[in-house]
Number of protein chains: 2
Amino acid sequence: MTPGEQDAPGGRTVTSKALALLAAFETSPGPLSLTQLAERADLPLPTAHRLVAELAGWGALERDEQGRYAVGLRLWEIAQNAQRELRDAARPYLQDLFSLTQETAHLAVREGHEALYIDRIYSSKRVPRASRVGGRLPLHATAVGKVLLAFEEPWVRDAYVARDLEAPTRQTHVNPTRLLSELDGIREQGYATTHEEVRPGSCSIAVPVDGGDGRVRASIGLVMLSTQSDRMVRYLPTLRGVAARIAPAVSRWRAP
Amino acid sequence: MTPGEQDAPGGRTVTSKALALLAAFETSPGPLSLTQLAERADLPLPTAHRLVAELAGWGALERDEQGRYAVGLRLWEIAQNAQRELRDAARPYLQDLFSLTQETAHLAVREGHEALYIDRIYSSKRVPRASRVGGRLPLHATAVGKVLLAFEEPWVRDAYVARDLEAPTRQTHVNPTRLLSELDGIREQGYATTHEEVRPGSCSIAVPVDGGDGRVRASIGLVMLSTQSDRMVRYLPTLRGVAARIAPAVSRWRAP
DNA sequence: GAGCGGCTTCCACCCAGCGGAAACCACTAG
DNA sequence: CTAGTGGTTTCCGCTGGGTGGAAGCCGCTC
């Protein structure tokens, strides 16, 4: 925005400082000391102290007995309202999907260049955990991500591949041209897969959740051990069935 | 602080105003117009406008095409870190609990005078929905709530029953003395039940999740149709088994 | 008991935030 | 086409909340 500095150290307005303190937990989920918080938010200690005290008093932060701060339940409670329509509507069907397949089931949306995991269902058995609820992964490395990207407008896809693509494993597809044609294939077939592209040992398959207006707003997918990758496509009908059930909720969300 | 008013209209500090805007979504989850937000936060329109713009710019709020504001995904993402240890640890076992019983499964903690629902697992079949994730219900009306209250220190229990107890249905137990002795019974038996005390047609059973240090920090429970209330206690062994699996995680959380 | 790292409190300066007022916009009714 | 209405956005000069360096205060270690 501004030509010189995009934001002065710590931000300028009070609000931005308070938000910077919250943002400190984006990188490290665990509890942080006041000093750590002040550092991460790039604020002088006294300022951080005052703001943090107010945030904690309100319930946005909580303090443990060691005096460290963590995100508070009141904030969590309020934040549950973000995209509630979608999450609430999808949840029971995602549960069905898990019951039917017994494989880890995911719901994700696109946030910038990443897939944001909105929900995730898994039991105590299968846990090849790469993603987590509230976590992000690069679009081109995951099945849900590929779906979300494939159904985006052409210029979004082009802009995406124009960047330097991160490769979590040796198998990750990072070649721009080949990635683009893979996306074309996904749009035709109506589903995407990955084989050890996020982490060795696991593979995944995903389908789009149609928003009704032609746009794809979300994606659901399954993750399993890569030894069972041949069995993957068998789940397609189930996945599509579940996606169809979720779709109405997605389209209701953001209606005229 | 100040002798007269405890807080001037809208709060005093900038931070408190920003937080008041977020708090507006505590009561109504859906999207709100600027005017509604300003009203609920008790702020003059221009002030609300400025702050809301900053919150939205950061991602704490999102704007739909009608210009209304809702809680943003970035805030949700950060807030996922609240009590993450507990939620992440409990999730797979809660899933097991659901798989074994096919009944709606809950995880709750105490927040003041209410049970806060941390997680909830259910399929598309059984949905006698009273609670929801991120929602609250009075302690004395729910099974998880009774458990949380029963294992609290005596003075907490006494303070609780000393208030006017809300009664969602005719069946809700509101008599202080009888409630206290019911709680004693729960502590002895190690589980609590309800019969149509939250809403007609459903009943529930819950057990404590021990924090290791003797304190009970969470509770898990099942909700089902009240026609099956006789079948309820059969689930006790399962519930206790699952609770035992979750316990280690609860005790790890807030360790010295 | 001196030294240290982190937290908390103080306080005088000053600019960020304030909010009344007025312009702006999209609709709708006449 | 004008007037009316309800919501949103911009303007701007006054002022008190926010600021952060400095100094005091732990609890711990060597």
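Residues numbered from 1 in each chain as written. Chains lettered and ligands numbered in written order. Predicted model: local features only at pLDDT ≥ 70, side-chain atom pairs only at ≥ 80, totals over all residues.

### Things to note about the protein's contact with DNA strand D
Around DNA strand D sit 17 residues in total, of which Pro46 of chain A together with Thr13, Ser33, Leu34 and Thr35 of chain B are the nearest. Broken down by secondary-structure element, the contributors of at least two residues to the surface near DNA strand D are helix H1 (14-27) and helix H3 (45-58) of chain A together with helix H1 (14-27), helix H2 (34-41) and helix H3 (45-58) of chain B. (Near = placed C-beta within 6 Å. Helix = DSSP H or I, 4+ residues; strand = E, 2+ residues; numbered from the N terminus.)

### Considerations on unusual backbone geometry
Residues and elements named next belong to chain B. Positive phi values are uncommon outside glycine, yet Gln83 reaches one of about 50°. Here Gln83 lies in the loop between helix H4 (73-79) and helix H5 (84-101). Residue Gln83 is classed as buried on the basis of its C-beta count, with 22 C-beta atoms lying within 10 Å. Here Gln102, not a glycine, exhibits a phi torsion of approximately 60°, which is positive. Relative to the helices and strands, Gln102 resides in the loop between H5 and strand S3 (104-111). In this structure Gln102 comes out as partly exposed when scored by C-beta crowding, with 14 C-beta atoms within 10 Å. (Buried ≥ 20, exposed ≤ 12 C-beta atoms within 10 Å, placed from the backbone.)

### Re the confidence of the model for chain A
In the predicted model, chain A carries a mean pLDDT of 88, and 92% of its residues have values of at least 70. For the stretch residues 1-11 of chain A, pLDDT sits under 50, and the model shows ten contacts to residues farther than four places along the chain or on other chains. (pLDDT = per-residue confidence, 0-100. Contact = placed C-beta atoms within 7 Å.)

### So, the relation of the copies chain B and chain A
Rotating chain B by 180° and translating it 0.0 Å along the rotation axis places it on chain A, where the RMSD comes to 0.0 Å. What the rotation and shift describe, once combined, is the action of a two-fold rotation axis. In this assembly, 100% of the residues forming the interface of chain B have copies in chain A that are likewise at the interface, indicating an isologous arrangement. (Least-squares fit on C-alpha atoms with pLDDT ≥ 70 in both.)

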